[in-house]
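Chain by chain, the residues run as shown.
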Amino acid sequence: MSLAELSLDVATGVATLTLNRPDVLNALNVQLAEALRAAVVPLAGDARVRCVLLQGQGRAFMAGGDLSGFAADFDTADTVIDALLDALHPVVETLRSIDAPVIAAVHGAVAGAGLSLMAACDLVIAAQGTRFLLAYDRIGAAPDCGGTYFLPRLLGSRRAAALMFLSEQLDAEAALAAGLVNKVVAADQLAAESAALAAKIASGPTQAFGNYKRLAQSTFGSTLHDQLEAERASFKSATKTADFREGVSAFLAKRAAHFQGPQA
């Protein structure tokens, strides 16, 4: 799949999504949002996909929303927001619900909706020199696309509030120390490092990864008893998969496991 605003390539278990509005630092407009929905939502039913890699073309991952869509007519700005979020909400929900782990490979500016979208991913690799900021305070609005959901959970409420109230920016090293990203690499190594990580994850037990994602998301709203029972149900369901049989057999035979994912 290739659109003007976005490209999608699925190969060897990895679905690579590349934002493609480099002239405006991949700023989100309605067309890009709709292209993301068209590309991402079907991934939930694609058994070939065992990892998703999200990246941006050009000098930045994503510098937030394209404000020109609001400035054209402030009286209809709320309608533009509805069009954007009607497309983006299914994207965020799909990235969180699919079995395949989602990696964001980020560089340059990661701002506004770009930061929210990155925060929705499971793992993040950042290039040295990357800058992370909310920037919603600059336009008199509060975060969207899940920013108020994910960032307090990732950073804690105080640090997330500083991003909003104090225009705090994090560089790549500070983001790593705060737990916002998993790894920082040299800019010229970002593509290779993220591709290698995606390939590694795509060779893993995809259904088990999906079960972990769901358990980790439910834990903040669950009692200990409910979480224990959810873990029990998850493990029992795993025993019915070919990957579980392969994993146990490989462990006992002291050999590397060869997981096949949901197609098995």
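Everything numeric here is computed off the predicted structure, so don't read it as measured data. (Residues numbered from 1 in each chain as written. Predicted model: local features only at pLDDT ≥ 70, side-chain atom pairs only at ≥ 80, totals over all residues. Heavy atoms only, no water.)

Engineer: Talk me through the environment of Ala 47; I want residue IDs and the actual numbers.
Structural biologist: By the element assignment, Ala 47 lies in the loop between α1 (30–40) and β3 (51–56). We classify Ala 47 as partly exposed; its relative accessible area is 32%. For Ala 47 and Asp 99, which are 52 residues apart along the polypeptide, the C-alpha to C-alpha distance reads 9.7 Å. (Helix = DSSP H or I, 4+ residues; strand = E, 2+ residues; numbered from the N terminus. Buried < 20%, exposed > 50% of the residue type's maximum accessible area, 1.4 Å probe, protein only.)

Engineer: So what's going on with a nonpolar patch on the surface? Residues and values would help.
Structural biologist: There is a patch of nonpolar side chains on the surface, built from Val 248, Phe 251 and Leu 252 and spanning about 360 Å² of accessible area. The residue Phe 251 is located in helix α11 (residues 242–253) in this model. Using a relative accessible area of 68% as the deciding quantity, one classes Phe 251 as exposed. (Patch = residues over 30% accessible without salt bridge, like charges linked within 9 Å, V, L, I, M, F, W, Y side chains within 5 Å. Areas by Shrake-Rupley, 256 points an atom, 1.4 Å probe, with all protein chains shown as cover. Salt bridge = Lys/Arg side-chain N within 4 Å of Asp/Glu carboxyl O.)

Engineer: Outline the sheet that holds strand β5 (residues 109–111), listing residues and values.
Structural biologist: If you trace the 3 strands from one edge of the open sheet to the other, you get β5-β7-β8, paired in mixed fashion. Two strands lie at the open edges of the sheet, namely β5 and β8 (170–171), each paired on one side alone. When β5 meets strand β7 (residues 131–133), the two strands line up parallel, connected through 3 bridges. Following the sheet pairing, Ala 111 is matched in β7 by Leu 133. (Pairing = 2+ DSSP bridges.)

Engineer: Break down the packing of aromatic side chains for me, citing the residues and quoting the values.
Structural biologist: All chains considered together, the criterion is met by 2 aromatic pairs. On the numbers, 5.1 Å between centres and 85° between planes, the contact of Tyr 149 with Phe 150 is edge-to-face. On the basis of relative accessible area, Phe 150 is assigned to the buried category, the value being 11%. Seen from the ring of Tyr 149, Arg 153 lies directly overhead, with NZ or CZ sitting 3.7 Å from the centre. The ring of Phe 220 has Arg 153 sitting right over it, with the charged end atom 5.8 Å from the ring centre. (Phe/Tyr/Trp six-rings, centres within 6.5 Å; stacked < 30°, edge-to-face > 60°. Lys NZ or Arg CZ within 6 Å of the ring centre and 35° of its normal.)

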